[in-house]
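The primary structure of each chain is shown beneath.
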Amino acid sequence: MKKKNFVVTETMQKVAVDILESLTFCKNMDEVVELYQLMFEKYQLNNDPFTKLPCTNKEYAENSLEYQRQIMIERYGHCDVLD
C-alpha cells in the first residue's frame, strides 16, 4: 500500500512532543491511564463509536451518524429518522 504525502506541521509536532514527554515520566499503568484521560480533555477528543479509539470532533460527528444508522437498521430493520 502506497502512503499519501503527509505534511507534518509544527503544531502537530508540539502535540506529539507533549504526549510523548508526558508518557516518559509515567511510573506505572495507573499514571498512563490518568495521562490518557488528561490528554482526552486537554485536546478535546472523543471516542470513535465504532472502534472506541480517540478521534477528532469532526471524525466523531461523521462516524456517529453512520453508527446510529447501522444500529437502527440492525434493531428495527430500517432507519427513517436519520435519512
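About the thresholds
- Residues numbered from 1 in each chain as written.
- Predicted model: local features only at pLDDT ≥ 70, side-chain atom pairs only at ≥ 80, totals over all residues.
- Heavy atoms only, no water.
- Helix = DSSP H or I, 4+ residues; strand = E, 2+ residues; numbered from the N terminus.
- Buried < 20%, exposed > 50% of the residue type's maximum accessible area, 1.4 Å probe, protein only.
- Contact = heavy atoms within 4.5 Å.
- Lys, Arg positive; Asp, Glu negative; His and termini not counted.
- Charge placed at Lys NZ, Arg CZ, Asp CG, Glu CD.
- Axes fitted to C-alpha atoms, helices over the stretch in contact; angles between N-to-C directions.
- Parallel < 35°, antiparallel > 145°, perpendicular 65-115°, else oblique.
- Left-handed = near helix turned anticlockwise from the far one by under 90°.
- Salt bridge = Lys/Arg side-chain N within 4 Å of Asp/Glu carboxyl O.
- Polar contact = N/O pair within 3.5 Å; in protein donor to acceptor, adjacent residues only side chain to side chain.

Q: What is the right way to look at the overall build of the chain in this model?
A: Tallying secondary structure elements over the chain gives 3 helices and 2 strands in all. Taken from the N to the C terminus, the helices and strands of the chain come in the order α-α-β-β-α. When its C-alpha atoms are laid out on the principal axes, the chain stretches across 50 × 35 × 25 Å. Residue burial in the chain is summarised as follows: out of 83 residues, 12% are buried. Considering only intrachain contacts with a sequence separation of at least 6, the fraction spanning at least 24 residues in the chain is 8%. Between the averaged position of the 10 positive side-chain charges in the chain and that of its 14 negative side-chain charges there is a distance of 7 Å.

Q: Would you explain the packing of helix α1 (residues 10-24) against helix α2 (residues 29-42) in this entry?
A: Packing of α1 against α2 leaves a shortest axis separation of 10 Å and a crossing angle of 160°. With respect to each other, α1 and α2 are oriented roughly antiparallel. The hand of the α1/α2 crossing is right-handed. Residues Asp18, Ile19, Ser22 and Leu23 of α1 form the contact with α2, whose own contacting residues are Val32, Leu35, Met39 and Lys42.

Q: Where do I start with the side chain of aspartate 48 in this structure?
A: Relative to the helices and strands, aspartate 48 resides in the loop between β1 (46-47) and β2 (54-55). Although aspartate 48 is buried, it forms no salt bridge, and the closest oppositely charged side chain is lysine 52 at an N-O distance of 7.0 Å. Within polar-contact distance, the side chain of aspartate 48 engages the backbone nitrogen of phenylalanine 50 at 2.8 Å. Separated by 3.0 Å, the side chain of aspartate 48 and the backbone nitrogen of threonine 51 make a polar contact. Residues contacting aspartate 48, with those up to four places away along its chain left out, are Leu53, Cys55 and Asn63.

The analysis is restricted to geometry; functional conclusions fall outside its scope.
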